[in-house]
Amino acid sequence: YVYREAELKHARLAMLAAAGWPLAELWDTGIAKTFGLEPIIEENGGRAVSVLNGGMGMISPVYWVSVVLFAGAVEALSEYKKGQAKAADSQWMLTGSYVPGDLGFDPLGLYTIFGKSESGKMLMETAEIKNGRLAMLAITIYALEE
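Since the structure is predicted, the reported quantities are computational estimates derived from the model, not experimental observations.

What counts and how
Residues numbered from 1 in each chain as written. Predicted model: local features only at pLDDT ≥ 70, side-chain atom pairs only at ≥ 80, totals over all residues. Heavy atoms only, no water. Helix = DSSP H or I, 4+ residues; strand = E, 2+ residues; numbered from the N terminus. Rg over C-alpha atoms; globule rule 2.2 N^0.38 Å. Buried < 20%, exposed > 50% of the residue type's maximum accessible area, 1.4 Å probe, protein only. Areas by Shrake-Rupley, 256 points an atom, 1.4 Å probe, with all protein chains shown as cover. Phe/Tyr/Trp six-rings, centres within 6.5 Å; stacked < 30°, edge-to-face > 60°. Salt bridge = Lys/Arg side-chain N within 4 Å of Asp/Glu carboxyl O. Axes fitted to C-alpha atoms, helices over the stretch in contact; angles between N-to-C directions. Parallel < 35°, antiparallel > 145°, perpendicular 65-115°, else oblique. Left-handed = near helix turned anticlockwise from the far one by under 90°. Contact = heavy atoms within 4.5 Å. Core = buried A, V, L, I, M, F, W, Y, C linked by side-chain atoms within 4.5 Å.

A. A look at the overall build of the protein. If you tally the helices and strands in the protein, you get five helices and zero strands. The order of α-helices and β-strands along the protein, N terminus first, is α-α-α-α-α. Relative to the globule expectation of 15 Å for 146 residues, the C-alpha radius of gyration of the protein, 19 Å, shows a markedly less compact shape. The C-alpha extent of the protein, read off along each of the three principal axes, is 55 × 30 × 30 Å. In the protein, which comprises 146 residues, the share counted as buried stands at 21%. In the structure as shown, the protein presents an accessible area of about 10,200 Å², 68% of it carried by carbon and sulfur atoms.

B. Examining the packing of aromatic side chains more closely. Tallied over the full model, the rule gives two aromatic pairs. On the basis of an interplanar angle of 70° and a centroid distance of 5.7 Å, the ring pair of W21 and Y142 is categorised as edge-to-face. Here W21, found in helix 1 (residues 2-34), pairs with Y142, found in helix 5 (residues 118-145); they are 121 residues apart in sequence, far enough to count as distant.

C. Main features of the pattern of salt bridges. Inspection of every chain in the model, using the stated rule, returns five salt bridges. For the salt bridge of K9 with E75, the shortest nitrogen-to-oxygen distance reads 2.7 Å. With a gap of 66 residues between them, K9 in helix 1 and E75 in helix 3 (residues 61-88) connect regions that are remote in the sequence. A relative accessible area of 25% means that K9 is categorised as partly exposed.

D. Representation of the environment of W27. By the element assignment, W27 lies in helix 1. The class for W27 is exposed, based on a relative accessible area of 52%.

E. Molecular detail of the packing of helix 1 against helix 5. Close contact between helix 1 and helix 5 brings their axes to 7 Å; oriented N to C, the two are set at 55°. The pairing of helix 1 with helix 5 is recorded here as oblique in orientation. Crossing geometry of helix 1 relative to helix 5 is assigned as left-handed. Across the interface between the two elements, R4, E7, L8, H10, A11, R12, A14, M15, A17, A18, W21 and P22 of helix 1 pack against E125, E128, I129, N131, G132, R133, A135, M136, I139, Y142 and A143 of helix 5.

F. Spatial organisation of the nonpolar core. The biggest cluster of nonpolar side chains holds six residues, and these are A14, A18, W21, A48, A135 and I139. Those elements that provide at least two residues to this core are helix 1 and helix 5. Here this core gets three residues from one element, more than from any other, and that element is helix 1. Setting aside its immediate chain neighbours within four residues, A18 contacts A135, I139 and Y142.

G. Expanded view of the environment of S78. Of note, S78 is situated in helix 3. The exposure class of S78 is buried, given its relative accessible area of 1%. Between the C-alpha atom of S78 and that of G96, which follows or precedes it by 18 residues, the distance is 16 Å.

Structure below.
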């Protein structure tokens, strides 16, 4: 369960990054100029700001603190939900009373897109993990190409 949950978290981040990286490159200049700011990608020689490309120092420390606090809050919520499942059911791993990565947040209702049955949820979980694995490869390729 620990590895499954870690893989889900990394997969979700990779899917967000796979969509966000090209969008950031496309929209950075327009958004920055709308707010009267200097586009960071232009300041960084036309490359997206990343550990490999440099430019991390151009991002406000307030942003980094807020990202770390948000990630910590999500992680704390995850551990809290897991703790509740463990307290309510001593055999939580066997009974499925805790689903790794399920924080109860699904505003678009995507978890039940294949149906509300157990087989429909399993299809969605499988699709999520497979797309996440593909996104992890995509992000690796993005980084190598930059």
